[in-house]
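Okay, here's what each chain looks like letter by letter:
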Amino acid sequence: MSFVKCCFESTEGHDFLDSLVQKCTDPGCCCGCCSALRPRYKRLVDNIFPASPQDGLVKSNMEKLTFYSLSSPEKLDRIGEYLFQKASRDIYRRRHGFVIIAMEAMDQLLVACHSQTLNLFVESFLKMVQKLLESTDPQLQILATQSFVRFANIEEDTPSYHRRYDFFVSKFSAMCHSNHNDKPTRENIRLAGIQGLQGVIRKTVSDDLVENIWEAQHMDKIVPSLLYNMQTAEKYETVSCMETDTRDGLDDDPPRLAEACLRELVGRASFGHIRSVLRPVLTHFDRHELWVPTEFAVHTFKIIMFSIQAQYSYSVVEALLQHLDAGVGTRVRAARAAVLSSIVAFAAGDSVGPSVLEIINNLLTNLRASVARDSEKESDEKLYQEALINALGEFADHLPDFQKIDIMMFIVSKIPNQRGKGTKADSMLQSILLKSLLKVGSTYRTTELSKAFPAAFLDALLRLSGAGEAATRALLQRILHTLLDRRGNAAALAAPTVDYAKLGLIVEKCSRPDLIFISKHGYAIFSSLYDGLQLESNTAENVCAIYTTLALLCVELASEETVCDMLQLILSMQQSALSNPVLSTAQACRVHGAALALLALVPHVLLLPALQEYVAQIIEARREEAPHLLPPLLEDYDLSPSKMPNKLPYLMIDQMALAECLKACGVEARLQPAAPYAGAALAQRHSWVEAGAAQGRDSLADISAGPNAELDSANSSPGVQRHCGGGESVSLEALRRAASGPSEAERREAERRRATLNDTFRTAPFDHLLLITQPKYEIKEKLEEIFNSLSEEPLLGVGVGGSPAGKPTPCTKYFPELFLY
Amino acid sequence: MEDYKFLFKVVLVGNAGVGKTCLVRRFTQGLFPPGQGATIGVDFMIKTVEVDGEKVKLQIWDTAGQERFRSITQSYYRSAHALILVYDISCQPTFDCLPDWLREIEEYASHKVLRILVGNKTDREDREIPRHIGEDFAQRHGMYFLETSAKEAENVERLFMEIAVELMEQAKCKELPKYDGSLGPINGKTTSVGDGSCCLRS
Ligand SMILES: Nc1nc2c(ncn2[C@@H]2O[C@H](COP(=O)(O)OP(=O)(O)O)[C@@H](O)[C@H]2O)c(=O)[nH]1
Ligand SMILES: [Mg+2]
């Protein structure tokens, strides 16, 4: 009876009977009787459709169908198939209302299904979705997408490994490019396309055994589709995180939905998959010429950096780096480099040793390639190089300080180091790499000098300081500035001055580690800087730059222990300005100006009232009679060489007077073994003295040794100096005479200088030279030696070995001159 | 009813403006669309035809001709069973670009892909490419050749029907598992055909 009844249309009690049928376990019992009748599931499905599609799904019957499916899950696949076939027919007959109802029913069944039974139903569900997507009706396509998204959000217990999504990827990507004539429809289709792709990604991304979404055939569709929608945004607002994105309308704006989808994709990419995403991104930017202007590229790559798993961010930088050179067009290259510099900082925090150097190396390689390239437009190439250097700086800026030193050493190791005549490309490369070094250096915050200047690094820098073109050398000094300047004084000390009071310099007492550092390396530093002042090709910029370095050293190492060395160097500078034949008048004037500026700085950083007074005197005197010996340094000095007042002692810095000043302030007490720290300080100093002496340098002690003060003034160019040292004053008369015939005087002067030099080298007794140049182990001992030598030998012959501060081997410097003439 | 026995993917390529979209519309919808915009990226159409009493479903992917969409369109070549390369018989440059297109096809499509050269717009008076020139080119490169007019519906039906016949023959002679309606296209077995890997490769 019940079997017969079940074939009738539903009545009250029907559900009750259903459950009876359910419980009937004898397979023969049911089928035997109903075989001639329409299967129950078909009737249940048929019943959910109203007579007229406008009435929508018949809700009560849908509940029955759902209940039935839940209680007879083994029927699910047949229910699904039947619904699909009905919908297919309705699509064919263009009865879209019924198609929509069928889809809705499938949605409900899908949601109601228990996860274990879902698999039975999914097949026909997806066939249904595909069928709708194949229709030309946008409404059906959008509907299908919504169903697909619903499905994608369901977690399946057992993913179906044979299920394939390539049709969906292809179709959704096509929808992302919809060109429907009606704008709202077009937007909706595109939105649906993006949502569909998002669904596919969610469904497949977590499980590699399911369709491998990362394969090129999929990524080459998904990524450009997302980017194509993103690039149509009216403006690009880059926010770090979508969750905190409070802008509304995320779901109805294709660009932003596409962006969210890209974030999700990138965020889910594991290391092996990053490249699969990045490659089509780069290709898309190339194809659609989206690098210039850079806004969209920066926006996109920042989004990638924001959403990528932090430990992989390095590979984005790497990919972009490798792509820098791809294709032609320097402007595009420059734009790529600009994009790189906008994202490289993200990678810095998470990069570890080797990858850091790899990035740096890659940047440098690109720089080198750029320098070597015969570019069609040089200005564009410059732009490119600038952008690369910026990227380098950006990257370094976000690295810990110890890595910056590593990087700087690495860069230094790549700098070609040939003196003078390298190729043009070499010197360009040198300059580019120094710029890079400067960029990195400027991100470094120096604490202790010894950390900022590991010995090998310092050596390399000093070696480079004499190489290359004038502008390159100035660049190198700027690197020293940025590394030395811990207290932000560099800008104030950019050019020589004698008026320090209003500069607002920040001076602190020199720390002990710094003292140790400078006693170890001071000699090398000072002599390198001194050498730097002696070059024929020096411009005002070079002298300024070296002045700044010295001034910073003076400020940073403000200490009574270092003051003597500084004064010694100042005297040597003055000496070279007076006697170095390669320096032009203008160059000599600049060195004088710089020397006096440094001297004026010393009492500003240390309490030395006597010195301050003395400096003030000289400044005053020069102001009156020789303003060209004062800062500022000029490009041109309208002076004849005979006007060079090297014979006016009161315009010059006098060694004896300096010693007196120091003595008056009790400075030399510091040099006594009994003074605090003296033991260590002396020992350090000792080695320095030794080093200096070995190179023919007079020790700092000379300065306080009043009686032998002549030694210095007699050095290097004995003949000339004699006038000054011997107190043979030059009258104004003489000056006037010289001024009347400048060229004549110049020639004579030069000749005389040459002669004296030759003479010195020829006539100085060998043992005397030896004496001056041999190592000096004890200051006292040395002083005695010098005293003795002085008493034996008139001042004249001393010069050769004893160029005051840090002319390592004056012979090598001057011999060429000698032989030249 | 989803009762097709074969599913083939057909991709149309060629310069922008040669009439790819019109050919597809003519075939699938029987109309010549007035003034639609240029295709962006890729467009998709479906049409089921009957060959020897068996239903063959053609998935037609209509690509944008512009250079900038080349990377996404190339990604559709890979799974194609047939590639229709279209030029405009009244526009020499579209013919001159054919070698470039062939190079792309070589690079991105299956080697066994069925290639058809189509000279479209035969209705136009200002022909620039004589028929035999197109024919020669096709022959030299091992392609089928046909001249069509999407506007006058000339040879359009024939174009797609011949593709369906040829592909079906290929599929049959290789004795590949047929599509049967109960296996959805998302099912693994059907995809194997859809991948362009089994019915076109020996
Ligand atoms: N005379 C003529 N014009 C055609 C024919 N096919 C397409 N066109 C026109 O050519 C232009 C481009 O067609 P379209 O299908 O968009 O080219 P596609 O870029 O290759 O898709 C449109 O203006 C069409 O009207 C044809 O067979 N004959
Ligand atoms: Mg088109």
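Analysis parameters
Residues numbered from 1 in each chain as written. Chains lettered and ligands numbered in written order. Predicted model: local features only at pLDDT ≥ 70, side-chain atom pairs only at ≥ 80, totals over all residues. Heavy atoms only, no water. UniProt positions renumbered as here; feature names shortened; annotations may be inferred. Helix = DSSP H or I, 4+ residues; strand = E, 2+ residues; numbered from the N terminus. Buried < 20%, exposed > 50% of the residue type's maximum accessible area, 1.4 Å probe, protein only. Contact = heavy atoms within 4.5 Å. Areas by Shrake-Rupley, 256 points an atom, 1.4 Å probe, with all protein chains shown as cover. Near = heavy atom within 4 Å. Polar contact = N/O pair within 3.5 Å; in protein donor to acceptor, adjacent residues only side chain to side chain. Donors = N, O, S within 2.8 Å, 3.2 Å for Na, K, Ca; no water. Salt bridge = Lys/Arg side-chain N within 4 Å of Asp/Glu carboxyl O. Nonpolar A, V, L, I, M, F, W, Y, C, P; charged D, E, K, R; others polar. Patch = residues over 30% accessible without salt bridge, like charges linked within 9 Å, V, L, I, M, F, W, Y side chains within 5 Å. Lys, Arg positive; Asp, Glu negative; His and termini not counted. Charge placed at Lys NZ, Arg CZ, Asp CG, Glu CD. Phe/Tyr/Trp six-rings, centres within 6.5 Å; stacked < 30°, edge-to-face > 60°. Lys NZ or Arg CZ within 6 Å of the ring centre and 35° of its normal. Pairing = 2+ DSSP bridges. Axes fitted to C-alpha atoms, helices over the stretch in contact; angles between N-to-C directions.

Under an unreviewed UniProt entry, chain B has the name Ras-related protein Rab-30 and belongs to Vanessa tameamea. Recorded under Catalytic activity (unreviewed entry), the UniProt text for chain B is reproduced unchanged: "GTP + H2O = GDP + phosphate + H(+)".

The name given to chain A in an unreviewed UniProt entry is Protein EFR3 homolog cmp44E isoform X1, and the organism recorded there is Vanessa tameamea. Comment text from UniProt for chain A, heading Sequence similarities (unreviewed entry), reads "Belongs to the EFR3 family."

Enquirer: What's the story with the overall build of chain A in this structure? I'm lost.
Expert: From N to C terminus, chain A includes 39 helices and zero strands. Looking at chain A as a whole, 56% of its 821 residues are labelled buried. For chain A, restricting intrachain contacts to residue pairs at least 6 apart in sequence, the fraction spanning at least 24 positions comes to 76%. Per element, the accessible surface of chain A, about 34,200 Å² overall, is 54% carbon and sulfur.

Enquirer: Whenever I open this one, the site of ligand 1 confuses me. Can you help?
Expert: Residues and elements named next belong to chain B. The immediate surroundings of ligand 1 are formed by 18 residues, with Gly-17, Lys-20, Thr-21, Asp-123 and Ala-150 found nearest. The contact in question runs from a nitrogen atom of ligand 1 to an N or O atom on the side chain of Asp-123, over 2.7 Å. Here an oxygen atom of ligand 1 and a backbone polar atom of Lys-151 are 3.1 Å apart. Alone, ligand 1 offers 580 Å² of accessible surface; in the complex the protein occludes 80% of this.

Enquirer: Looking at this structure, how should I read the coordination of the magnesium ion (ligand 2)?
Expert: In ideal tetrahedral geometry, four donors around a metal make angles of 109.5 degrees, whereas ideal octahedral geometry with six donors gives angles of 90 or 180 degrees. Residue and element names in this part refer to chain B. Coordination of the magnesium ion (ligand 2) by the protein is provided by Thr-21 (OG1) and Thr-39 (OG1), with metal-donor distances spanning 1.9 to 2.0 Å. Highlighted residues: Thr-21 in helix α1 (residues 20-29) and Thr-39 in the loop between α1 and β2 (42-51), separated in sequence by 18 residues. An identical accessibility class is assigned to Thr-21 and Thr-39; each is buried.

Enquirer: Whenever I open this one, unusual backbone geometry confuses me. Can you help?
Expert: When glycine is set aside, most residues are seen to have a negative phi, and most peptide bonds are trans. All names here are of chain A. Residue Val-292 is joined to Pro-293 through a cis peptide bond whose omega torsion reads -5°. Mapped onto the elements of the fold, Pro-293 is located in the loop between α14 (271-287) and α15 (295-307). A cis amide bond links Pro-631 with the next residue in sequence, Pro-632, at an omega value of 0°. Counting through the fold element by element, Pro-632 comes out in the loop between α29 (609-625) and α30 (655-664). Not every positive phi belongs to a glycine, and Arg-94 is a case in point at roughly 60°.

Enquirer: Sorry if this is basic, but what is going on with the interface of chain A and chain B here?
Expert: Interface size is commonly expressed as the accessible surface area that is lost when the partners come together. Across the contact, 37 residues belong to chain A and 35 residues belong to chain B. Along the contact surface separating chain A from chain B lie two salt bridges. Note that Arg287(A) is salt-bridged to Glu67(B), the shortest N-O span being 3.3 Å. Listing elements by their share of the side of chain A that touches chain B, those giving two or more residues are α6 (76-92), α8 (115-134), α10 (166-176), α12 (216-230) and α14 of chain A. Its residues assigned to classes, the side of chain A that touches chain B shows nine nonpolar, 15 polar and 13 charged.

Enquirer: Please clarify how the environment of Lys59(A) should be interpreted in this entry.
Expert: All names here are of chain A. In this fold, Lys-59 is placed in helix α5 (residues 59-71). Note on Lys-59: relative accessible area 59%, which makes it exposed. Distance in space between the C-alpha atoms of Lys-59 and Ile-48 is 7.1 Å, their sequence separation being eleven residues.

Enquirer: Is there a simple way to explain a negative patch on the surface in this structure?
Expert: There is a patch of like negative charges on the surface, built from Glu541(A), Glu635(A), Asp636(A) and Asp638(A). If you trace the backbone, Glu635(A) turns up in the loop between α29 and α30.

Enquirer: What's the story with the packing of aromatic side chains in this structure? I'm lost.
Expert: For any two aromatic rings, the description comes down to two numbers: the centre-to-centre distance and the angle of the planes. Under the definition given, this model contains 28 aromatic pairs over all chains. Both rings, one in Tyr87(B) and one in Phe95(B), keep their centres 5.0 Å apart while their planes meet at 75°; by these two values the pair is edge-to-face. According to the relative accessible area criterion, Tyr87(B) is buried, its value standing at 0%. Seen from their ring centres, Phe95(B) and Phe137(B) are 5.6 Å apart, and the 65° between their planes marks the pair as edge-to-face. Taken as a pair, Phe95(B) in helix α3 (residues 92-96) and Phe137(B) in helix α5 (residues 131-140) lie far apart in primary sequence, 42 residues in all. A single burial state applies to Phe95(B) and to Phe137(B), both of which are buried. Pairwise contacts between aromatic rings join Phe121(A), Phe125(A), Phe148(A), Phe151(A), Tyr165(A), Phe167(A), Phe168(A), Phe172(A), Phe44(B), Trp61(B) and Tyr76(B) into one cluster. One residue, Lys221(A), lies across the ring of Tyr76(B), its end atom 4.7 Å from the ring centre.

Enquirer: It is not clear to me how the sheet that holds strand β4 (residues 82-88) of chain B should be interpreted in this structure. Could you clarify?
Expert: Working definition: the strands of a sheet are paired by backbone hydrogen bonds and lie parallel or antiparallel to each other. Residue and element names in this part refer to chain B. An order of β2-β3-β1-β4-β5-β6 is seen for the six strands of this open sheet, with the pairing classed as mixed. The outermost strands of the open sheet, each flanked by one partner alone, are β2 and β6 (144-147). Here the average twist between neighbouring strands, direction ignored, is 25°. One ladder, built from four bridges, connects strand β5 (residues 114-120) with β6; its direction is parallel. Bridging across to β6, Ile-116 finds its partner in Tyr-144. Sheet strands in contact with helix α4 (residues 98-108) are β1 (6-13), β4 and β5, and its direction is about 165° off that of β4.

Enquirer: Hey, could you run me through the pairing of β2(B) in this one?
Expert: Residues in a regular strand project their side chains so that they alternate between the two faces of the sheet. Residues and elements named next belong to chain B. Of the pairings in the sheet, the one linking β2 to strand β3 (residues 54-63) comprises ten bridges and is antiparallel in character. If you follow Glu-50 over to β3, its bridge partner there is Lys-55. Linking β2 back to β3 in an antiparallel pair, the connection comprises two residues, with Asp-52 at a positive phi of about 50°.

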